[in-house]
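Understanding the architecture of this molecule
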Amino acid sequence: NANANVVASTNTQLVDTTNPTVTITDDQSGTADDADATVLYTFTFSEAVTGFVTGDVTVVGGTKGTFTASSSTVYTLLVTADDDSTTSMTVDVAASVATDSNANANVVASTNTQLVDTTNPTITITDDQSGTADDADATVVYTFTFSEAVTGFVTGDITLVGGTRSEERRVGKAGTAVCRSGGAP
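One structure accompanies this document, and this report is about it. Counting of residues starts from 1 at the beginning of each chain's written sequence and follows it residue by residue. For this predicted model, a pLDDT threshold of at least 70 governs which residues receive local features, and a threshold of 80 or more governs which side-chain atom pairs are given and counted, while totals over whole chains, interfaces and linings are taken from all residues. Here the side-chain values reflect all heavy atoms present in the structure, with hydrogen atoms and water set aside.

A run of DSSP states H or I qualifies as a helix once it reaches four residues; a run of E qualifies as a strand once it reaches two. Both are numbered from the N-terminal end. Checked against the element boundaries, Ser46 lands in the loop between β3 (38-45) and β4 (57-60). C-alpha separation for the pair Ser46 and Thr18, spaced 28 residues apart in sequence, amounts to 10.0 Å. Once residues within four sequence positions are removed from consideration, Ser46 is found in contact with Asn19, Pro20 and Thr21. In this structure the side chain of Ser46 is engaged in a polar contact, spanning 2.8 Å, whose partner is the backbone nitrogen of Thr21. It only takes one pair of heavy atoms within 4.5 Å for two residues to be counted as in contact. In protein, a polar contact means a hydrogen-donor-capable atom and an acceptor-capable atom, both N or O and within 3.5 Å, with residues adjacent in sequence counting only if both atoms are side-chain atoms; elsewhere, any N or O pair within 3.5 Å suffices.

Take a look at the structure:
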């Protein structure tokens, strides 16, 4: 029997083996500091995912705040930088914490690193008198040295008791006020 076979119908199988990627961005263009220590992180997935929660985000150098799912591809997290720190804050998302509709797990995200300076400057006040200021040497030079460069420090910030202020000079991180002890000019 030499009968030819009939054409079989085509069987098509949809395939999705693409793992979702995630990109982490933040809203700080510079250094997180005391004036703006809270950073908004945005997690953008390459496709819709489920199962992504705040516990899937690893934060070093900060404290997690509000986590929001803006959509199935975009999530946000507020993070407050640690106080009294100059250690950069890092935010990570590990692999396999969220899946797409075909159970493909996400790949690990590139770490987001945010510079931090929430350390308050310290000040040291010294004077040039080794003993007691007296009539023979009533002028005392006080030097105010900060642990880092500061702005906004002015003569009016200095409280002087028992003398009069005569001048002020600034050099780098230090400021100098020349004062006379006692009330005599």
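As a further point, take the sheet that holds strand β8 (residues 112-114). Whenever strands of a sheet pair, they do so through backbone hydrogen bonds, lying parallel or antiparallel. Note on pairing: two strands pair once DSSP finds at least 2 bridges between them. Strands sit in the order β4-β7-β8 across an open sheet of three strands; the sheet is antiparallel. Of all strands in the sheet, those bounded by a partner on one side alone are β4 and β8. Across the sheet, the mean angle separating the axes of adjacent strands is 15° when strand polarity is ignored. Pairing of strand β7 (residues 89-93) with β8, which is carried by three bridges, proceeds in the antiparallel orientation. The residue of β8 that forms the bridge with Met89 is Gln114. Between N-to-C directions, angles span 0 to 180 degrees; the directions come from axes that are lines fitted to C-alpha atoms, helices contributing only their stretch in contact.

Geometry of aromatic contacts follows a simple scheme: Phe, Tyr and Trp rings, the Trp one being its six-membered ring, pair when their centres are within 6.5 Å, and the pair is stacked under 30 degrees between planes, edge-to-face over 60, tilted otherwise. For the structure shown, the criterion picks out six aromatic pairs. With centroids separated by 6.0 Å and ring planes inclined at 20°, the aromatic side chains of Phe67 and Tyr75 adopt a geometry described as stacked. Three or more aromatic residues joined by ring pairs make a cluster, and in this case those are Phe43, Phe45, Phe52, Phe67 and Tyr75.

Attention now moves to the nonpolar core. Here, the term nonpolar core denotes a set of buried Ala, Val, Leu, Ile, Met, Phe, Trp, Tyr and Cys residues that are joined through side-chain atoms within 4.5 Å. In this scheme, a residue with accessible area under 20% of its type's maximum is buried, one over 50% is exposed, and one in between is partly exposed, where area comes from a 1.4 Å probe on protein chains only. Membership of the largest hydrophobic core comes to 22 residues, with the highest contact counts inside it found for Tyr41, Phe43, Phe52, Val57, Met89 and Val93. Contributions of two or more residues to this core are made by β1 (22-26), β3, β4, β6 (74-81) and β7. Setting aside anything within four residues of it in sequence, one finds Tyr41 in contact with Ile24, Thr25, Asp26, Tyr75, Thr76, Leu77, Val79, Met89, Val91, Asn112 and Gln114.

For Asp127, the location among the structural elements is in strand β10 (residues 123-127). In this structure the C-alpha to C-alpha distance between Asp127 and Phe144, which are 17 residues apart in sequence, comes to 8.9 Å. What Asp127 contacts, discounting residues up to four positions off in sequence, is Val140, Val141 and Tyr142. Within the structure, Asp127 has its side chain in polar contact with the backbone nitrogen of Gln129 (distance 2.8 Å).

Before going further, it helps to spend a moment on a negative patch on the surface. The grouping of Asp27, Asp33, Asp34, Asp36, Asp82, Asp83 and Asp84 at the surface amounts to a negative patch. As for its placement among the helices and strands, Asp33 is situated in strand β2 (residues 32-33). We classify Asp33 as partly exposed; its relative accessible area is 31%. What goes into a patch is any residue over 30% in relative accessible area without a salt bridge, connected to like charges within 9 Å or, for nonpolar side chains (Val, Leu, Ile, Met, Phe, Trp, Tyr), within 5 Å. Only the protein chains shown count as covering a residue, and every accessible area follows the Shrake-Rupley method with a 1.4 Å probe. Whenever Lys or Arg places a side-chain nitrogen within 4 Å of a carboxyl oxygen from Asp or Glu, that contact is recorded as a salt bridge. When charges are counted, Lys and Arg contribute as positive and Asp and Glu as negative, whereas His and the chain ends are disregarded. The atoms used to mark charge sites are NZ of Lys, CZ of Arg, CG of Asp and CD of Glu.

On to unusual backbone geometry. Despite not being glycine, Asp84 shows a phi value in the positive range, around 55°. Note that Asp84 resides in the loop between β6 and β7. For Asp84, a relative accessible area of 55% translates into the label exposed. Of note in the backbone geometry, Ala103 takes a positive phi value of approximately 65° without being a glycine. Within the secondary structure, Ala103 is located in the loop between β7 and β8.

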